[in-house]
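Structural overview for review
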Amino acid sequence: PSRDQAAAQYQKALALIRQFQKEKSATAFEVYLDYAILLIRQHKYEMALSMLQEAQRIAAEIYPSDHSANSRLTLVFGELFFELGQYQAAVDSTRKALASQQKILQSKSRFTAAIHNQLGSHLADQGIVEEALEQFQLGLLNTCINFEDTNVYSHPSPGAMTFSANRVTILLLNKALVFYHQ
């Protein structure tokens, strides 16, 4: 029920965006992208693809090609490809998101660690064990970089350290699962 309620809220948000003619805005991009993620989790892939294509159209109009929003969009396309059983397309899309994110932030973001985790999971699911383990390790190393960020200590954002601790736990668990299934 809560996912259905969330979907209803996204639909209301999209109606408001259209009503106030704000379809070419960062807010519209975020709503379409987040709604697509929800639809993927609900296994409504055709609708998710439609939302992703709309987010892609908006991103092309409002963001430069090297903006991190494009990395996020590419990553979500990878999630959709994976759910559709298009595993190589999922890996390719996730690699593209990683390359883009690394170019933008030189690997120093929590989002980059999350991309390493997703790529490692896709590779592990295909039996590409060594590279999967490498991606999980890179994600762990990237997460640790965030602990050294002085801004985290001097100006902590709510949940920043919790996010990093959770990310470390997820990456270690994924590595353990790969070893377990070998």
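As a reminder, the structure under discussion sits directly above these lines.
Owing to the predicted nature of the structure, the values given are computational and were not obtained by experimental measurement. Counting from 1, residues in each chain are numbered in the order their sequence is written. Owing to the predicted nature of the model, reporting of local features is limited to residues with pLDDT of at least 70; listing and counting of side-chain atom pairs is limited to 80 or more, with chain, interface and lining totals taken over all residues. Hydrogens and water molecules were not included; the side-chain quantities draw on all heavy atoms of the structure.

1. Things to note about helix α1 (residues 2-19)
Think of an α-helix as 3.6 residues a turn; residues three or four steps apart then line up on the same face. Put simply, DSSP marks the helices as runs of H or I at least four residues long and the strands as runs of E at least two long, and each gets a number from the N terminus on. In this scheme, a helix's expected span is set at 1.5 Å multiplied by one less than its residue total. Along its 18 residues, α1 runs 26 Å from first to last C-alpha, staying within 8% of the 26 Å computed at 1.5 Å per residue. Whether two residues are in contact is decided by their heavy atoms: any pair within 4.5 Å suffices. The inward-facing, buried residues of α1 abut α2 (26-41) and α3 (45-62). Looking one or two residues past α1, glutamine 21 carries a phi angle of roughly 50°, positive in sign.

2. Describing the packing of α1 against α2
Running from amino to carboxyl end, α1 crosses α2 at an angle of 155°, the nearest separation of the two axes being 10 Å. For the element pair α1 / α2, the angle class is roughly antiparallel. For the pair α1 and α2, the crossing hand works out as left-handed. Residues Arg3, Ala6, Ala7, Tyr10, Gln11, Ala13, Leu14, Ile17 and Arg18 of α1 form the contact with α2, whose participating residues are Thr27, Ala28, Val31, Tyr32, Asp34, Tyr35, Leu38 and Arg41. Gly counts as polar in this scheme, as do all residues outside two lists: the nonpolar Ala, Val, Leu, Ile, Met, Phe, Trp, Tyr, Cys and Pro, and the charged Asp, Glu, Lys and Arg. Of the residues belonging to the contact of α1 with α2, the class tally is 11 nonpolar, 2 polar and 4 charged. Orientation is described by axes fitted as lines to C-alpha atoms, over the contacting stretch for helices, and by angles from 0 to 180 degrees between their N-to-C directions. In what follows, roughly perpendicular refers to angles from 65 to 115 degrees, roughly parallel to angles under 35, roughly antiparallel to angles over 145, and oblique to any angle outside these ranges. Handedness of a helix crossing follows the sense of rotation of the near helix relative to the far helix, less than a right angle counterclockwise being left-handed and clockwise being right-handed.

3. So, the side chain of threonine 74
Here threonine 74 shows up in helix α4 (residues 68-83). The buried label goes to any residue with under 20% of its type's maximum accessible area, the exposed label to any with over 50%, and the partly exposed label to all in between, with areas taken from a 1.4 Å probe on protein chains only. Judged by relative accessible area, which is 15%, threonine 74 ranks as buried. A distance of 2.8 Å separates a polar atom in the side chain of threonine 74 from the backbone oxygen of asparagine 70. The contact partners of threonine 74, leaving out residues within four places of it in the chain, are Ser93, Lys96 and Ala97. Throughout this description, a polar contact denotes any pair of N or O atoms lying within 3.5 Å of each other; where both atoms belong to protein, one of them has to be capable of donating a hydrogen while the other can accept it, and for residues adjacent in sequence the pair is counted only when both atoms sit in side chains.

4. Looking at the packing of aromatic side chains
To pair, rings of Phe, Tyr and Trp, with the six-membered ring standing in for Trp, must have centres within 6.5 Å; the planes then decide the type, stacked if under 30 degrees apart, edge-to-face if over 60, and tilted in the middle. According to the stated counting rule, one finds 4 aromatic pairs in the structure shown. Relative to tyrosine 63, the ring of phenylalanine 29 has its centre 5.4 Å away and its plane inclined at 85°; by these criteria the two rings are edge-to-face. Of this pair, phenylalanine 29 sits in helix α2 while tyrosine 63 sits in the loop between α3 and α4; the two residues are 34 residues apart in sequence, bridging distant segments of the chain.

5. Quick notes on the pattern of salt bridges
A pair is scored as a salt bridge if a Lys or Arg side-chain nitrogen falls within 4 Å of a carboxyl oxygen belonging to Asp or Glu. Across all of its chains, the model carries 5 salt bridges by this definition. Of the charged contacts in the structure, one is a salt bridge between arginine 57 and glutamate 54, with a shortest N-O distance of 2.3 Å. Taken as a pair, arginine 57 and glutamate 54 lie in helix α3 at a separation of 3 residues, close to a single helical turn. Beyond isolated ion pairs, a larger network of salt bridges with shared partners links Lys24, Glu54, Arg57 and Glu61.

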